[in-house]
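Residue-level structure breakdown
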Amino acid sequence: MTSVGLVGLGYWGPNLARNFDELSELRWLCDASPDALDRFGARYPRARTTTDLDDLLGDSELDAIVVATPAVTHYELSKRALEAGKHVLVEKPPAMNAAEAEDLVATAEAAGRVLMPGHLLLYHPAVRKVKELVDAGELGDVLCVYSNRQNLGKIRTDENALWSLGVHDLSVILHLLDEEPSEMWAHGNSFLTPGVEDVVFCYLRFPSGKIAHMHLSWLDPHKMRKLTVVGKEKMVVFDDMELERKVTIYEKGPWQPTETYGEWQTRTGDIYSPKIASDEPLRLECHHFLSLAGGDGDAQRVAQDGLAVVRVLEQLQASLVAAPA
Ligand SMILES: NC(=O)c1ccc[n+]([C@@H]2O[C@H](COP(=O)([O-])OP(=O)(O)OC[C@H]3O[C@@H](n4cnc5c(N)ncnc54)[C@H](O)[C@@H]3O)[C@@H](O)[C@H]2O)c1
């Protein structure tokens, strides 16, 4: 059984602890806060606790390290873990710039270890359904994708809405379209903490001509978690706020009847919601990581996908900084 050490027991880490305790041997809990270690050490008595990452790095029986600390620490902690020969699952984003993300990918490859960024939404059964529809050509040619990730939510001061929220939608958009954008810009503003944008709008254009948009905010009174894919034949909406109808397919699209000599009309058909499994996305993500660590699946692909997301984030961030105040 794969042994796992978890670093970071703040808001998100405990969810990872629960899953790895059930799916693997949770061998270490590490956090800078002794209080957090007391609390979670009591809940997982078989795991050892420490404030020092070196205890995990020096444990020859430890196979993998899961990094769930603030984003600015991800690169350094993941790099040390890979160099110590551990497989790494690192929360998103794996690094705060493309050069560091590339370095992590190279380090993982050189060490023959897994580097998997925690792109949770890729494991959401609804996203898997949308991907299935896109790949099967059910929607016709995909024309555009847009996402809404708004809430009056956790207000972060160490990363902006682009890096904290946009990383989710970006991972899904790149996954669905299977290409990287050739043109992109972001506009936003920091209303609460100087230099940390709370509201960001992003535009992406892909070599195939497809376009995408993301609206990201933690200052919105109305919570939205929605992704829309518009195809030439059909449109699909993934709404994570819906309890049952997570995915809705609209058989609607533009249509050019021969007798109208080039004039476009709209075609409307059924609107329906396929059944979506209720599996916990994080559990599927943890399971995938353990499979990769066990030698199954394409580890290089997940590392490269994570790098692509950071590459785009970096370019969007550059356009955000460059925008006039
Ligand atoms: N996948 C998701 O849906 C999702 C959701 C929330 C957060 N996250 C990600 O999880 C990560 C953590 O976010 P959070 O909200 O839990 O943060 P947090 O601030 O609540 O917790 C971070 C924890 O890390 C500890 N820590 C910080 N530096 C450390 C170090 N060098 N060594 C050991 N411990 C250290 C802190 O003491 C704290 O307990 C972030 O990257 C965030 O983006 C992902």
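Scroll up for the structure.
Residues numbered from 1 in each chain as written. Predicted model: local features only at pLDDT ≥ 70, side-chain atom pairs only at ≥ 80, totals over all residues. Heavy atoms only, no water.

1. As for the site of the ligand
For the record, the criterion: Only heavy atoms are used to decide nearness, and a residue is near a molecule or strand if one of them lies within 4 Å of it. Nitrogen and oxygen atoms within 3.5 Å of one another constitute a polar contact, given that in protein one can donate a hydrogen and the other can accept it, and given that sequence-neighbouring residues count only through two side-chain atoms. Under the convention used here, a 1.4 Å probe and the Shrake-Rupley method define accessible areas, while residue burial counts only the protein chains that appear.
Neighbouring residues of the ligand: 20 residues in total, closest Y11, W12, D31, H74 and K92. A distance of 3.0 Å separates an oxygen atom of the ligand from a polar atom in the backbone of Y11. Side-chain polar atom of D31 to an oxygen atom of the ligand: 2.6 Å apart, as the coordinates give it. Coverage of the ligand by the protein chains reaches 80% of its 850 Å² of free accessible surface.

2. Topic: the sheet that holds strand β4 (residues 64-67)
As a reminder, the rule being used: Strand pairing requires that DSSP identify at least two bridges connecting the strands. Strands here are runs of E lasting at least two residues and helices are runs of H or I lasting at least four, both read from the DSSP assignment and numbered beginning at the N terminus. Fitting a line to C-alpha atoms yields each axis, with helices limited to the stretch in contact; the angle taken between N-to-C directions then spans 0 to 180 degrees. Here, residues are in contact when the closest pair of their heavy atoms is within 4.5 Å.
Strand order in this open sheet of six strands is β3-β2-β1-β4-β5-β6, and the pairing throughout is parallel. With partners counted over all chains shown, the strands left at the sheet margins are β3 (48-50) and β6 (115-118), one partner each. For this sheet the average axis-to-axis angle between neighbouring strands, irrespective of direction, equals 20°. When strand β1 (residues 3-7) meets strand β2 (residues 25-30), the two strands line up parallel, connected through five bridges. When the sheet's bridge partners are listed, L6 is paired in β2 with L29. Contacts from helix α2 (residues 34-43) reach β2 and β3, with the element oriented near 160° to β2.

3. Some remarks on helix α5 (residues 98-111)
Under the convention used in this document: Here the expected span of a helix is defined as 1.5 Å times the quantity of residues minus one. Relative accessibility under 20% of the residue-type maximum defines a buried residue, over 50% an exposed one, and the middle range a partly exposed one, all with a 1.4 Å probe and only protein chains included.
The terminal C-alpha atoms of α5 lie 20 Å apart, and with 14 residues this matches the ideal 20 Å at 1.5 Å per residue to within 8%. Along α5, the positions that sit buried rather than exposed are A98, A101, L104, V105, T107 and A108. On its buried side, α5 packs onto α4 (74-83), β6 and α9 (299-322). With a side-chain oxygen lying 3.2 Å from the backbone nitrogen of A99, the N-terminal cap of α5 falls on N97. Of the residues flanking the end of α5, it is G112, one or two places downstream, whose phi is positive at about 65°.

4. Some words on the pattern of salt bridges
Threshold: Counted as salt bridges are all cases of a side-chain nitrogen of Lys or Arg within 4 Å of a carboxyl oxygen of Asp or Glu.
Within this structure, the stated rule accounts for 18 salt bridges. Its salt-bridge partner being D103, residue K79 comes within 3.0 Å of it at the nearest N-O pair. Of the two residues, K79 sits in helix α4 while D103 sits in helix α5, which places them 24 residues apart along the sequence. The partner of K131 in a salt bridge is D135, and the shortest N-O contact between them spans 3.3 Å. With K131 and D135 both in helix α6 (residues 125-135) and four residues apart, the pair spans about one turn of that helix.

Read these as spatial facts, not as claims about activity.
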